[in-house]
Amino acid sequence: MTGVKKVLIVDDYRSMRYLCSHVLEGAGYMVEVACDGLDALERLKSAHFDLVVTDIEMPKVDGISLYNNAVRLDPAFRDRFVFMTGNSSRRTV
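Residues numbered from 1 in each chain as written. Predicted model: local features only at pLDDT ≥ 70, side-chain atom pairs only at ≥ 80, totals over all residues. Heavy atoms only, no water.

Participant: Residue-level account of the side chain of S21, with values.
Facilitator: In this fold, S21 is placed in helix α1 (residues 14–26). Within the local environment of S21, its side chain forms a polar contact with the backbone oxygen of R17, the two atoms lying 2.9 Å apart. Apart from the residues lying within four places of it in its own chain, the contact partners of S21 are I9, V31 and V33. (Helix = DSSP H or I, 4+ residues; strand = E, 2+ residues; numbered from the N terminus. Polar contact = N/O pair within 3.5 Å; in protein donor to acceptor, adjacent residues only side chain to side chain. Contact = heavy atoms within 4.5 Å.)

Participant: Residues and numbers for a nonpolar patch on the surface, please.
Facilitator: Among the surface-exposed residues, Y18, L19 and V23 lie close enough to one another that they form a single nonpolar patch of about 330 Å² accessible area. Counting through the fold element by element, L19 comes out in helix α1. (Patch = residues over 30% accessible without salt bridge, like charges linked within 9 Å, V, L, I, M, F, W, Y side chains within 5 Å. Areas by Shrake-Rupley, 256 points an atom, 1.4 Å probe, with all protein chains shown as cover. Salt bridge = Lys/Arg side-chain N within 4 Å of Asp/Glu carboxyl O.)

Participant: Can you lay out the sheet that holds strand β1 (residues 6–10) for me, pointing to particular residues and giving the numbers?
Facilitator: Here we have four strands laid out as an open sheet, ordered β2-β1-β3-β4, and parallel in their pairing. Strands with a single pairing partner mark the edges of an open sheet, and in this sheet they are β2 (30–34) and β4 (81–84). Pairwise comparison of adjacent strand axes, ignoring direction, gives a mean angle of 20° for this sheet. Against the sheet, helix α2 (residues 37–46) makes contact with β1, β2 and β3 (51–55), and its axis sits at roughly 135° relative to β2, the strand it touches most. Contacting β1, β3 and β4, helix α3 (residues 63–73) runs over the sheet at an angle of about 170° to β4. (Pairing = 2+ DSSP bridges. Axes fitted to C-alpha atoms, helices over the stretch in contact; angles between N-to-C directions.)

Participant: Can you lay out the packing of α2 against α3 for me, pointing to particular residues and giving the numbers?
Facilitator: Two numbers describe how α2 lies on α3: the axes approach to 10 Å, and their chain directions differ by 15°. Judged by the inter-axis angle, α2 sits roughly parallel to α3. Remark: the crossing between α2 and α3 carries right-handed chirality. Contacts between α2 and α3 pair G37, A40, L41, L44 and K45 from the former with L66, N69, A70 and L73 from the latter. Its residues assigned to classes, the contact of α2 with α3 comprises six nonpolar, two polar and one charged. (Parallel < 35°, antiparallel > 145°, perpendicular 65-115°, else oblique. Left-handed = near helix turned anticlockwise from the far one by under 90°. Nonpolar A, V, L, I, M, F, W, Y, C, P; charged D, E, K, R; others polar.)

Participant: Can you explain the packing of aromatic side chains? Please cite residues and give values.
Facilitator: Two aromatic rings, taken as a pair, are described by how far apart their centres are and by the angle between their planes. Applying the stated rule across the entire model yields four aromatic pairs. With 5.1 Å between their ring centres and 85° between their planes, Y67 and F81 make a pair best called edge-to-face. Here Y67 is found in helix α3, whereas its partner F81 is found in strand β4, with 14 residues between them in sequence. Each member of the pair Y67 and F81 is classed as buried. With a centroid separation of 6.2 Å and 85° between ring planes, the pair formed by F77 and F81 is classed as edge-to-face. When sorted by exposure, F77 lands in the same class as F81, which is buried. Among the aromatic residues, those joined into a ring-pair cluster are Y67, F77, F81 and F83. Positioned over the ring face of F49 is K6, at 4.9 Å from the centre of the ring. (Phe/Tyr/Trp six-rings, centres within 6.5 Å; stacked < 30°, edge-to-face > 60°. Buried < 20%, exposed > 50% of the residue type's maximum accessible area, 1.4 Å probe, protein only. Lys NZ or Arg CZ within 6 Å of the ring centre and 35° of its normal.)

So this is what it looks like as structure tokens:
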């Protein structure tokens, strides 16, 4: 499995976690999922991830706070986040 990239999918909706993980696993990535930003932070502390795909609006710890905390843990995360949202309000954008 050398060379396989590991991705963490973070979303509070189970269907979105399933969809994203299904697509990325089909493309050959190793995928783990987290149900919110707090769960994701714990995973980021204990494992290496090449990329984090996160929802912006979630309970407990939102995607922006997750990003800021992850970068504090490891500055390399600065370029390893992709944000997604189902909310297209101006505030979110």
